[in-house]
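Report on the structure
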Amino acid sequence: MRALFLASLLSLPLLAPAAQARPSAAEAQALLQARPELVQQLRQRIITSGMTAEQVRARLKAEGYPENLLDAYLPGSSGAAGAVGEDVLGAIRRLGIADDAEISTMRTMLGGAVPAAEEVRDEQKGQNQEDSDELFGLALFRSATSEFLPTMDGPVDANYRLGPGDQLVLILTDQVELAHTLDVTREGFVVIPQVGQLSVANLTLEQLENLLYQRLPRSYSGVRRGADAPTRFTVSVSRLRAIQVYVTGDVVRPSSYRISSAGTAMTALYAAGGPTERGSLREVTVRRAGRTVATLDVYDYLLRGDNSADVRLENGDVLFVRTHGPRVRVAGEVVRPATYELKPGETLRDALTAAGGFRATAATRRVQIQRIVPPAERVEGGRDRSVIDVASTGSTVADFPALSMTGGDVVRVFAVADRVRNRIVVNGNVWNPGPQAFRSGLTLSQALRAAGGLKSDTHLGRVQVTRLRPDSTRQQLHAMLRDTTGAVVEDLALAEDDEIEVFSVTEFRPNRFVAIGGSVRRSGRYPWREGMTLRDLVLLAGGLREGAYLREAEVARLPLDRSRGVTATTVRVPLDSSYLGDYVPGRPYAGAPGLASPAFGTSPEVVLSPYDNVLIMEQPDWQLQRTVTLTGEVRFPGRYALKSKDERISDLIARAGGLTKEAEADAAYFSRTQSNTSFAAQTVNERVRTRVGVDLSRALRRAESDDDLVLTDDDSLHVPFRRTTVEIIGLVNAPTAIAVDRGRTLRYYVRAAGGASATGDEKKVYVIQPNGKIEARERVLWVFVNNPTPRAGATVVVPAKEERASSSERVATVALIAQTIASIAAVAALLR
């Protein structure tokens, strides 16, 4: 709780520092974890209660708490107790293990770290704002509005007094049509053509009209009072003068201000930003010529809409805002929870009235005042604060005594109990579930009829009635229904707070399904319905796919006898062309080669059982055309459809008319699309295209050789134009490409790129030949090194050196080897 009580005595800002704020719920739990003596006290309370662990868990369940909430505090528990939250303290109080005073003592041990139940509820609802630090009335001056800024143009009210700088408009009509603009001079007079000079200073508009009725008839004979006057006139203020006023004291922007002559004390106060948090809203004085001419109470304007004390200012007036008087905070179930400033002599009634009175949820029989003990009455021992309960004789603010208030008081209005009385609740399989009003003599059958009656699928075997006992435990009662009209076999008299649960037979039925897979559009599981046939399931699966085998399907069914590990029995059921959704009798069926078209409507209906698994097979060897792409230096490039499953690269080149004279067969680029399979996750991701090293020249020379690959769908072969260079990349000093020099060694090409860099490993250089095959150096008989020869279009790659082990790592490796040898020797000695 924030320290607001010393604000009025010490003239400090009302908002206390954050360090003095009350701990949050999370901070409270951290504090409780650091107080093991409280955990020990809770365990001792449970032991002295005499309840066993089973009784504690049963009581917790009956009260709606988790059964294991207090397991860490039960006798013999070895687990570490977690943070003691409000739920734990509330459960201990509900179980009668500790009373309210003892719970309050536990909170006091932590300096009030655990929020009280009422405050926790208020924080969750976000409605009561019990700890609101808002100073009532300041928000009026913090908003950007021009509400208190009068216009510099007219009109003005009847009490406005004219002065130098004002501008008037005089209009004559009927016999004479004239309009005059009249400026009030510094001397306080106006000059009217053909009329002369008139002194208007400090006159109201009504007084000015009376003066004009005296002077105008001298020049305009038709001007006189009455509706039948031949000449009439109107006079108004068209522009107001500006005045200089001074706003001082505890205001946001003390200074001098030029405001409209129609401005009031509220106008000047708003122009200065209003009072600061130290300033008063109850006593704003207006001083004129060294004496106080008016005192403004802003609460009159805010609470009662009374602006009678908002006097009009004059030039040179001083508006003074003194420091605030005693302030009290009204919290809880009031309309406007806030901090209010009180005048001398104002009482508890005035504070509650300023707060808007009670909400509908307020407990109006008492309020509580937390008071700072006056300095003269304080004693040692931390008794600087006290609590006063004030009882009411009625239910309104006026029924409370006129108790005097002091600065720093906190008035708390409590809420009514959350528990709803005089009701029962009907839940479950009724048409209108929910709470009902309880009356004496109410029976179970009457409550069911009031809930709209039972649904047709109601379980008649048992209706449960949960009854709340006086000790807050719950008793389980039950009854049997005669039929779905709500008649009870032995009707049960209900009690207040009974909870009725009506069950549905649908709740007890398993979610049975059937499954289908194979050559259908949407494989998966579908709900089983009694009388469901294979044809119904095929329709739910979106129909058969092109190429489905229409002679028979396989149905896997749960076995009647599960002995010997049998998990399913399979049967083959016949199909026909009527299973095709778009099949028209008499139209040829595009089936597999050599298979006769299945007759329409010749297969019987197959009734499915729960959990049947249907497999629609695909026609043998049926598939759409597979295509490959051939580009580059061939006579007829394009996308070719494969004629057979064993068609090879040489066959494709032959169909394309062979290679052109400029083709570089050794640099042919062959790629294949493969699935990116994750073995760890057992999933197949998107398909990726990878290069496959192929020696096209060898494939064309020797048909059906290893390089003459069998083609698959979406293969791609590109035969490039003849190449004449070799590219050197990797960790070399100057990556480059040079003309191929047949007969040159691998070292020649590396040196042509400036040699290997400091991090490059020339010993492990390798070559990517133009056909995609990778050739590396290989050692023969541990002495001779066989270097690959780059061909035209090849790429020479110099990799990075392997990181050498540090001296410490080498020592550790040697030590490990020595330890291993010693262990082997010891084992050998034991074996002897």
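Note that this is a predicted model, so its numbers are computed, not measured.

1. Things to note about the overall build of the chain
- A tally of regular secondary structure across the chain gives 19 helices and 37 strands.
- Relative to its 832 residues, the chain shows a buried fraction of 39%.
- With the model as given, the accessible surface of the chain reaches about 46,300 Å², and the carbon-plus-sulfur share is 51%.

2. Comments concerning unusual backbone geometry
- Of note in the backbone geometry, Asp 174 takes a positive phi value of approximately 75° without being a glycine.
- For Asp 174, the position within the fold is in strand S1 (residues 167-174).
- The class of Asp 174 is partly exposed, set by a relative accessible area of 36%.
- Of note in this structure, Arg 564 is not a glycine but carries a positive phi near 65°.
- Note on placement: Arg 564 falls in the loop between strand S23 (552-557) and strand S24 (569-574).
- Take Arg 564: its relative accessible area is 86%, and that puts it in the exposed class.

3. What to know about helix H5 (residues 86-94)
- Every buried residue belonging to H5 is among Glu 86, Val 88, Leu 89, Gly 90, Ala 91 and Ile 92, and all of these are buried.
- Following H5 by one or two positions, Gly 96 has its phi on the positive side, about 80°.

4. Some details on the side chain of Thr 473
- Here Thr 473 shows up in the loop between strand S18 (458-468) and strand S19 (474-479).
- The exposure class of Thr 473 is buried, given its relative accessible area of 10%.
- Within the structure, Thr 473 has its side chain in polar contact with the side chain of Asp 471 (distance 2.6 Å).
- Not counting residues up to four positions away in its chain, the partners in contact with Thr 473 are Arg 59, Ala 62, Glu 63, Arg 467 and Leu 468.

5. With respect to the pattern of salt bridges
- Scanning the model with the defined rule gives 31 salt bridges in all.
- Note that Lys 343 and Asp 297 form a salt bridge whose closest N and O atoms lie 3.0 Å from each other. Residue Lys 343 is found in the loop between strand S12 (338-341) and helix H12 (348-354), and its partner Asp 297 is found in the loop between strand S9 (291-296) and helix H11 (298-304); the two are separated by 46 residues along the sequence.
- Linked by salt bridges that have partners in common, Arg 282, Asp 297, Lys 343 and Glu 346 make up one network.

6. Regarding the pairing of S12
- On S12, burial covers both faces: Ala 338 and Tyr 340 on one face and Thr 339 and Glu 341 on the other are all buried.
- As paired strands, strand S11 (residues 327-332) and S12 are joined by 4 bridges and run antiparallel to one another. Each residue of the ladder has a partner; that of Val 328, found in S12, is Tyr 340.
- Taking the residues between adjacent antiparallel strands as the criterion, S11 and S12 are bridged by 5 residues.

7. What to know about the nonpolar core
- With 49 residues, the main nonpolar core has Leu 348, Leu 352 and Phe 358 as its most contacted residues.
- The leading source of residues in this core is helix H10 (residues 265-271), at 6 residues.
- The next biggest cluster of nonpolar side chains, apart from the first, holds 24 residues, and it includes Leu 162, Leu 168, Leu 172 and Val 235.

8. So, the sheet that holds S9
- Read across the sheet, 5 strands follow the order S7-S6-S10-S8-S9 without closing on themselves; strand pairing throughout is mixed. Sheet topology places strand S7 (255-260) and S9 at the edges, where each strand pairs with a single neighbour. Averaged over all neighbouring strand pairs, the angle between strand axes comes to 30°, with direction disregarded.
- Direction of pairing for strand S8 (residues 279-288) relative to S9: antiparallel, over a ladder of 5 bridges. By the bridge assignment for S9, Thr 285 is matched with Thr 295.

9. Here we look at the environment of Arg 557
- Structurally, Arg 557 is set in strand S23.
- Put simply, Arg 557 and Ser 609 are 52 residues apart on the chain and 7.6 Å apart in space, counted from C-alpha to C-alpha.
- Beyond its immediate chain neighbours, meaning those up to four positions away, Arg 557 contacts Ala 568, Thr 569, Val 607, Leu 608, Ser 609 and Asp 612.
- Side-chain polar atoms of Arg 557 contact the side chain of Asp 612, separated by 2.7 Å.

10. Re a positive patch on the surface
- Together, Lys 763, Arg 779, Lys 801, Arg 804 and Arg 810 make up a region of like positive charge exposed at the surface.
- Relative to the helices and strands, Lys 801 is located in the loop between strand S37 (795-798) and helix H19 (807-831).
- On the basis of relative accessible area, Lys 801 is assigned to the partly exposed category, the value being 48%.

11. Observations concerning the packing of aromatic side chains
- Under the defined criterion, the tally for this structure stands at 7 aromatic pairs.
- Between the aromatic rings of Tyr 748 and Tyr 749, the centroid separation amounts to 5.1 Å while the plane-to-plane angle is 75°, which identifies the pairing as edge-to-face.
- Here a set of aromatic residues connected by ring pairs shows up, and it is made of Phe 136, Tyr 299 and Tyr 340.

12. A short note on the environment of Ser 219
- Of note, Ser 219 is situated in the loop between helix H9 (205-215) and strand S5 (231-239).
- Excluding residues within four positions of it along the chain, Ser 219 makes contact with Gln 194 and Val 195.
- A distance of 2.3 Å separates a polar atom in the side chain of Ser 219 from the backbone oxygen of Gln 194.

13. Here's the deal with the side chain of Ser 504
- Relative to the assigned elements, Ser 504 resides in strand S20 (residues 499-504).
- Taking the relative accessible area as the measure of exposure, Ser 504 reaches 4% and is therefore buried.
- Reaching out from Ser 504, the side chain makes a polar contact with the side chain of Asp 457 at a distance of 2.8 Å.

14. Details of the sheet that holds S24
- Here we have 5 strands laid out as an open sheet, ordered S22-S21-S25-S23-S24, and mixed in their pairing. The open sheet has two free edges, formed respectively by strand S22 (524-527) and S24, since each of these has just one partner strand. Between one strand and the next, the sheet's axes are offset by a mean angle of 25°, whatever the strand orientation.
- Judged from the 3 bridges that link them, S23 and strand S25 (residues 613-616) form a sheet pairing that is antiparallel. The partner of Val 555 across the bridge, within S25, is Val 614.

15. Digging into the confidence of the model for the chain
- For the chain, the mean per-residue pLDDT works out to 83, and 84% of the residues sit at or above 70.
- Here residues 1-25 is modelled with pLDDT under 50, and outside its nearest four sequence neighbours on either side it reaches 49 contacts, counting other chains as well.
- Overall, residues 591-595 carries pLDDT values under 50, and its contacts beyond four positions in sequence, including any with other chains, amount to 5 contacts.

16. Focus on the environment of Leu 544
- Turning to its location among the elements, Leu 544 is positioned in the loop between helix H15 (534-540) and S23.
- Since its relative accessible area comes to 7%, Leu 544 is described here as buried.
- It is 6.0 Å that separates the C-alpha atoms of Leu 544 and Ser 519, two residues lying 25 residues apart in sequence.
- Discounting residues that sit within four places of it in the chain, Leu 544 has contacts with Ser 519, Val 520, Arg 521, Val 538, Leu 550, Tyr 579, Leu 580 and Ile 616.

17. Here's the deal with the pairing of S25
- Here S25 shows one buried face, formed by Val 614 and Ile 616, and one open face, formed by Asn 613 and Leu 615.
- In this structure, strand S21 (residues 513-518) lies alongside S25, joined through 4 bridges in parallel fashion. When the bridges of S25 are listed, Gly 517 appears paired with Leu 615.

Thresholds, definitions, all that
Along each chain, numbering runs from 1 in the same order as the chain's sequence is written. For this predicted model, a pLDDT threshold of at least 70 governs which residues receive local features, and a threshold of 80 or more governs which side-chain atom pairs are given and counted, while totals over whole chains, interfaces and linings are taken from all residues. Computation of side-chain values: all heavy atoms of the structure, hydrogens and water removed. Runs of H or I in DSSP of at least four residues are treated as helices and runs of E of at least two as strands, each being numbered from the N terminus. The classification of residues rests on relative accessible area computed with a 1.4 Å probe and restricted to protein chains. Under 20% of the type maximum is buried, over 50% is exposed, and intermediate values are partly exposed. Accessibility throughout is a Shrake-Rupley quantity obtained with a 1.4 Å probe, and a residue counts as covered only by protein chains that appear here. For the purposes of these results, a polar contact is taken to be a pair of N or O atoms within 3.5 Å, where, inside protein, one atom must be able to donate a hydrogen and its partner to accept one; residues adjacent in sequence count only when each atom of the pair is a side-chain atom. The contact criterion used is simple: two residues touch if any of their non-hydrogen atoms lie within 4.5 Å. Salt bridge, as used here: a side-chain nitrogen of Lys or Arg that lies within 4 Å of a carboxyl oxygen of Asp or Glu. Two strands make a pair as long as DSSP finds a minimum of two bridges between them. Residues belong to a common nonpolar core when they are buried Ala, Val, Leu, Ile, Met, Phe, Trp, Tyr or Cys residues joined through side-chain atoms within 4.5 Å. Between N-to-C directions, angles span 0 to 180 degrees; the directions come from axes that are lines fitted to C-alpha atoms, helices contributing only their stretch in contact. Exposure above 30% relative accessible area and the lack of any salt bridge qualify a residue for a patch; like charges then connect within 9 Å, and the nonpolar side chains Val, Leu, Ile, Met, Phe, Trp and Tyr within 5 Å. Only four residue types enter the charge count: Lys and Arg as positive, Asp and Glu as negative, with His and the chain ends excluded. A charged residue contributes its charge at one atom only: NZ of Lys, CZ of Arg, CG of Asp or CD of Glu. In this analysis, rings of Phe, Tyr and Trp, with Trp reduced to its six-membered ring, are considered paired at centre separations within 6.5 Å, and the interplanar angle assigns stacked below 30 degrees, edge-to-face beyond 60, and tilted for intermediate values. The predictor rates its confidence in each residue with pLDDT, a number between 0 and 100.

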